[in-house]
Each structure stands twice: as structure tokens, then as C-alpha cells.
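Architecture and fold: a report
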Amino acid sequence: QVQLVESGGGLVHNGESLRLSCAATGFTFSDNVMNWYRQAPGKERELVAGISSDGSRTNYADFVKGRFTISRDDAKNTVYLQMNSLKPDDTAIYYCTTYLIKWSGRYDYWGQGTQVTVSS
């Protein structure tokens, strides 16, 4: 069973940092692209960052570029999101995701999410 478990969220002040972790089980982690999404109240879910299966390529949304860093540790089956210089508009539930290709098509998997709240 694929399972993604996020942790590391919390309440911080404007300008502070958090490091989110996502522990993955149930699939070959080293074969998979991993992504972080977020959703704020009243807004659409949006891609924050992604990392290739081998960790050599990353991508970031414009609104986090230069502030957030995605990384992975295949030995721990864990993907991270280091979030620096947090702003109140970063407040959202952050989700770790991946996808698997099966005979029946593409299946997307999401963690339960971790709440990040940034106060001014």
C-alpha cells in the first residue's frame, strides 16, 4: 500500500523557517518523481515544488523560488521541503504527492497534509 506521511508543519512568524518531511512507503521510492502541493483556504491547490527520481532536477513555483528547497534522501525514503523566509501567504496545508503508472492508468497518491501557518 502506498503511504505518504507529512510532518514538520507548524505555526511560525513572518520570516521564519520550517522543514517539512514526507516519509514514503509502499513503492520503490527511488523510481518516483515526488512533489509538494499546497492549498490555502478558498484557493485552488497549487504545485509548490517537484524533484526527479534521481534528485538531479527540481522545479519550483514562482512564488517560492529562491525561498524553498526540495530534496530527497532515498536511503530514508523521504522527501523534504525546506521553507525559508516564510510569508503569511504561504499559510496552507502542504501535501506530499507521487504517482504510479499501472495497467489501468495513472494513479496519484497524496499524504494527509501538514498545516503551515505563518503569522505577521
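Up top is the structure.
This text gives an overview of the structure that appears in the document. (Residues numbered from 1 in each chain as written. Predicted model: local features only at pLDDT ≥ 70, side-chain atom pairs only at ≥ 80, totals over all residues. Heavy atoms only, no water.)

**Examining the overall build of the protein chain**
Of the regular secondary structure elements, the protein chain holds zero helices and 11 strands. Along the protein chain, helices (α) and strands (β) appear in the sequence β-β-β-β-β-β-β-β-β-β-β when read from the amino end. Since a compact globule built from 120 residues should have a radius of gyration of about 14 Å, the 14 Å found for the protein chain is in line with a globular shape. Principal-axis analysis of the C-alpha atoms places the extent of the protein chain at approximately 45 × 30 × 25 Å. Across the 120 residues in the protein chain, those meeting the buried criterion constitute 41%. Residue pairs at least 24 apart in sequence account for 53% of intrachain contacts in the protein chain once pairs closer than 6 positions are excluded. Only carbon and sulfur atoms are counted for the fraction: they give 46% of the accessible area of the protein chain, which is about 6,500 Å². Distance between charge centroids for the protein chain: 1 Å, based on 12 positive and 12 negative side chains. (Helix = DSSP H or I, 4+ residues; strand = E, 2+ residues; numbered from the N terminus. Rg over C-alpha atoms; globule rule 2.2 N^0.38 Å. Buried < 20%, exposed > 50% of the residue type's maximum accessible area, 1.4 Å probe, protein only. Contact = heavy atoms within 4.5 Å. Areas by Shrake-Rupley, 256 points an atom, 1.4 Å probe, with all protein chains shown as cover. Lys, Arg positive; Asp, Glu negative; His and termini not counted. Charge placed at Lys NZ, Arg CZ, Asp CG, Glu CD.)

**Topic: the packing of aromatic side chains**
Under the defined criterion, the tally for this structure stands at three aromatic pairs. Judged by centre distance (6.4 Å) and plane angle (45°), the rings of Phe27 and Phe29 are tilted. Neither Phe27 nor Phe29 differs from the other in exposure class; each is buried. A centroid spacing of 5.8 Å and a plane angle of 80° characterise the contact between Tyr95 and Trp110, whose relative ring orientation is edge-to-face. Placement of Tyr95 in strand 9 (residues 92-102) and of Trp110 in strand 10 (residues 105-110) is noted, with a sequence separation of 15 residues between them. Residue classification places Tyr95 among the buried residues on the basis of a relative accessible area of 12%. The rings of Tyr37, Tyr95 and Trp110 are connected pair by pair, giving a single aromatic cluster. Between the NZ or CZ atom of Arg72 and the centre of the ring of Phe29, over which it lies, the distance is 4.3 Å. When the ring centre of Tyr99 is taken as reference, the NZ or CZ atom of Arg106 above it lies at 3.7 Å. (Phe/Tyr/Trp six-rings, centres within 6.5 Å; stacked < 30°, edge-to-face > 60°. Lys NZ or Arg CZ within 6 Å of the ring centre and 35° of its normal.)

**Overview of the side chain of Asn32**
Turning to its location among the elements, Asn32 is positioned in the loop between strand 3 (18-25) and strand 4 (34-39). Here the side chain of Asn32 touches Tyr99 through a polar contact of 2.8 Å, landing on its backbone oxygen. Not counting the four nearest positions on each side in its chain, Asn32 is found in contact with Phe27, Ser52, Ser53, Arg72, Thr98, Tyr99 and Leu100. (Polar contact = N/O pair within 3.5 Å; in protein donor to acceptor, adjacent residues only side chain to side chain.)

**Focus on the state of the cysteines**
For the structure on display, the rule yields one disulfide. The residue that forms a disulfide with Cys22 is Cys96, at a sulfur-sulfur distance of 2.1 Å. Because the sign of the S-S torsion sets the handedness, a value of about -75° for the bond joining Cys22 and Cys96 places this disulfide among the left-handed ones. Of this pair, Cys22 sits in strand 3 while Cys96 is found in strand 9, placing the two residues 74 residues apart along the sequence. Pair check on accessibility: Cys22 and Cys96 agree, each one buried. (Disulfide = S-S within 2.5 Å.)

**Details of the pattern of salt bridges**
In total, this model carries five salt bridges according to the counting rule given. If you follow the salt bridges from partner to partner, you end up with Arg38, Glu46, Arg67 and Asp90 in one network. (Salt bridge = Lys/Arg side-chain N within 4 Å of Asp/Glu carboxyl O.)

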